[in-house]
Amino acid sequence: MARIREVRAREVFDSRGQPTIEAEIVCDDGSSGRAMAPAGASRGVAEAQELRDHDSPRCNGRGVRQALERVRQIIAPALRGLPIDDQVGIDLRLLELDATPNKRRLGGNTLVAISLAAAHAAAHHLRLPLYVHLRSLARQSGYCCLPAGNGDYLLPLPMVNMISGGLHAGRNLQVQDFLIIPRQARSFAEAMEIVYHVHRILGQLLRSSGYEAYLVADEGGYGPKLRNNEEAIEVILQAIHRSDLHPGRDVVLALDLAASHFYRQGKYQLAPSNKDLDTAAMIELMLSWTNHYPIVSLEDPLAEEDWQGWKLLTQKLGARVQLIGDDLFATNLCRLRWGMGQGIANSILIKPNQAGTLTETLAVMREAQRAGYRLIVSARSGDTEESWLADLAVATGAGQIKVGCITRSERLAKYNQLLRIEEALGHQGQLARPFGDLFEPWTISQ
Ligand code: 2PG
Ligand code: MG
């Protein structure tokens, strides 16, 4: 077995033009791997903390030279000589070195880059595609992949951003993501084709109504200055219709409200309409939206600290709508366990950089899966040209992926990797259909 010979890191840039860390691991047999850390804009308080050069004026305090120093002085000497196929051993070593509850000493950004670089190097050493290697790590961790019918691997159904608001598009609309899910697609390639049509027609519709639809938001979706959140939903529904698809049957909607980011002193400031709602009014609004529109999935519809509200919302909607905790759970085992114990949400967004290491990410996935929570593997709004997230989604059979729109290459890196994996798998791969049987399909009433 190859052992780690060298660990190095450098400062590179992410899709928002911000500095980020890239780690590289080289083994004694010459195999190597590298990975970069993504970065969120709408971050949960319980996420692993990023280590940035806040005290330095360089790059507005967003540089990562301190993190590079910690790799050189602390991490590299401690990992040297470890067997590269021992991902758990490597990750535990990183956690020992950090020894803080929120990764503030070494930084979650540093840890995720090193942890994923190790996984890449091991895959290289074993001469395996990354998703095959990650699959065996997932199995070792006790994460049993969801059954894939006749196929051996489950490709994730994409949840694709069409319109952005919130912190990703200048806060005109407070809802952060308006997404579509091609729920009836039979293959990942077909899912992409459906998304392509809706996205193209949506652009035409926005432009013909006088909205800006040439520039893109952080995740590649349109970021027009619409009148209100409902208008965004309605124009997407129109785009689905005009694509000769049936909203509710062929394509359903999902929202990421990222509600923590417009929650102030117990009120949801849902601009530009529905201002200052209390929790009960916000829940009513969610009930009304999910009754009127084919919305099957709500992410962070309430703030991360509004646990009572979450509980009530789950009681009211949890049987028919996917309720995803993103900021709420922050891919954090303790928060997930607490939430599950309270009957909060029924799904979890999985962001490896919220957790820190791959091993912790897999542990959260395992726990969520055992409790029957759905898993949605997700990129960040500041992401990179890397595609490991796609491999992770396939390896774990998570069933769903959320990486933004189909423009901007940091998004396409993941989608295109899934197309490649689907092709390589042939009959061994099958697209997940999480909205095939489990949730009542929304029947359109107009
Ligand atoms: C989210 C993500 C991706 P960010 O909230 O789900 O859409 O955004 O990376 O800014 O947290
Ligand atoms: Mg989110």
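Residues numbered from 1 in each chain as written. Chains lettered and ligands numbered in written order. Predicted model: local features only at pLDDT ≥ 70, side-chain atom pairs only at ≥ 80, totals over all residues. Heavy atoms only, no water.

Q: What is the right way to look at the overall build of the protein in this model?
A: Helix and strand counts for the protein come out as 13 helices and 15 strands. Along the longest, intermediate and shortest principal axes, the C-alpha atoms of the protein span 65 × 50 × 45 Å. For the protein, with 446 residues in total, the buried portion stands at 63%. Expressed as a percentage of contacts within the protein between residues at least 6 apart in sequence, the contacts between residues at least 24 apart total 71%. Here the protein has roughly 16800 Å² of accessible surface; of this, 49% comes from carbon and sulfur atoms. In the protein, which carries 49 positive and 51 negative side-chain charges, the distance between the mean positions of the two groups comes to 2 Å. (Helix = DSSP H or I, 4+ residues; strand = E, 2+ residues; numbered from the N terminus. Buried < 20%, exposed > 50% of the residue type's maximum accessible area, 1.4 Å probe, protein only. Contact = heavy atoms within 4.5 Å. Areas by Shrake-Rupley, 256 points an atom, 1.4 Å probe, with all protein chains shown as cover. Lys, Arg positive; Asp, Glu negative; His and termini not counted. Charge placed at Lys NZ, Arg CZ, Asp CG, Glu CD.)

Q: Sorry, what's going on with the coordination of the magnesium ion (ligand 2) here?
A: Think of it this way: four donors in a tetrahedron around the metal ideally sit 109.5 degrees apart, and six in an octahedron ideally sit 90 or 180 degrees apart. Distances from the magnesium ion (ligand 2) to its protein donors, Asp256 (OD), Glu299 (OE) and Asp326 (OD), fall within 2.0 to 2.3 Å. On the primary sequence, the residues serving as donors to the magnesium ion (ligand 2) are separated as D-x42-E-x26-D. One end of the pair, Asp256, is in strand E7 (residues 252-256); the other, Glu299, is in strand E10 (residues 295-299), and 43 residues separate them in sequence. (Donors = N, O, S within 2.8 Å, 3.2 Å for Na, K, Ca; no water.)

Q: Any chance you could explain the pattern of salt bridges here in plain terms?
A: Pairs may arise between side chains of opposite charge once their charged atoms sit close together. Following the criterion strictly, the structure yields 24 salt bridges and no others. Linking Arg93 and Glu96 is a salt bridge whose minimum nitrogen-to-oxygen distance equals 2.7 Å. Placement of the pair is Arg93 and Glu96 together in helix H2 (residues 87-98), with a separation of three residues, close to one helical turn. For Glu96, a relative accessible area of 53% translates into the label exposed. For Arg186, the salt bridge is made with Glu190, and the minimal N-O distance between the two is 2.9 Å. (Salt bridge = Lys/Arg side-chain N within 4 Å of Asp/Glu carboxyl O.)

Q: How should I be thinking about the side chain of Thr20 in this particular structure?
A: Positionally, Thr20 belongs in strand E2 (residues 19-27). Apart from the residues lying within four places of it in its own chain, the contact partners of Thr20 are Arg10, Glu11, Val12, Phe13, Asp14, Ala37 and Val64.

Q: Quick question: what am I supposed to make of the packing of aromatic side chains here?
A: Where two aromatic rings form a pair, the distance of their centres and the angle of their planes describe that pair. Following the criterion strictly, the structure yields six aromatic pairs and no others. When the ring of Phe262 is compared with that of Tyr268, the centres are 6.2 Å apart and the planes differ by 70°; the resulting orientation is edge-to-face. On the accessibility criterion, Phe262 (2% relative accessible area) is buried. Classification of Tyr268 as buried rests on a relative accessible area of 0%. (Phe/Tyr/Trp six-rings, centres within 6.5 Å; stacked < 30°, edge-to-face > 60°.)

Q: I tried to follow the domain arrangement of the protein on my own but got confused; where do I start?
A: Split by domain assignment, the protein resolves into domain 1 (4-127) and domain 2 (140-431). Put simply, the middle of domain 1 and the middle of domain 2, counted by C-alpha atoms, are 27 Å apart. Buried surface at the junction of domain 1 and domain 2, both sides included, amounts to about 2600 Å², of which 55% is carbon and sulfur. By the criterion of area lost to domain 2, the three top residues of domain 1 are Ser15, Met36 and Ser42, representing 23% of everything that side buries. Between domain 1 and domain 2 we count three salt bridges in total. The salt bridge involving Arg380 is made with Glu47; its shortest N-O contact spans 3.1 Å. For the pair domain 1 and domain 2, the number of links is 19 residue pairs in polar contact (both at pLDDT 80 or more). Elements that contribute at least two residues to the side of domain 1 that touches domain 2 include exactly strand E3 (32-36), H2 and helix H3 (108-126). Element by element, the count of residues in the side of domain 1 that touches domain 2 is highest for H3, at seven residues. For the side of domain 1 that touches domain 2, a count of residues per class yields 16 nonpolar, eight polar and eight charged. (Domains from an automatic or database assignment. Buried area = accessible area lost by both parts, 1.4 Å probe. Polar contact = N/O pair within 3.5 Å; in protein donor to acceptor, adjacent residues only side chain to side chain. Nonpolar A, V, L, I, M, F, W, Y, C, P; charged D, E, K, R; others polar.)

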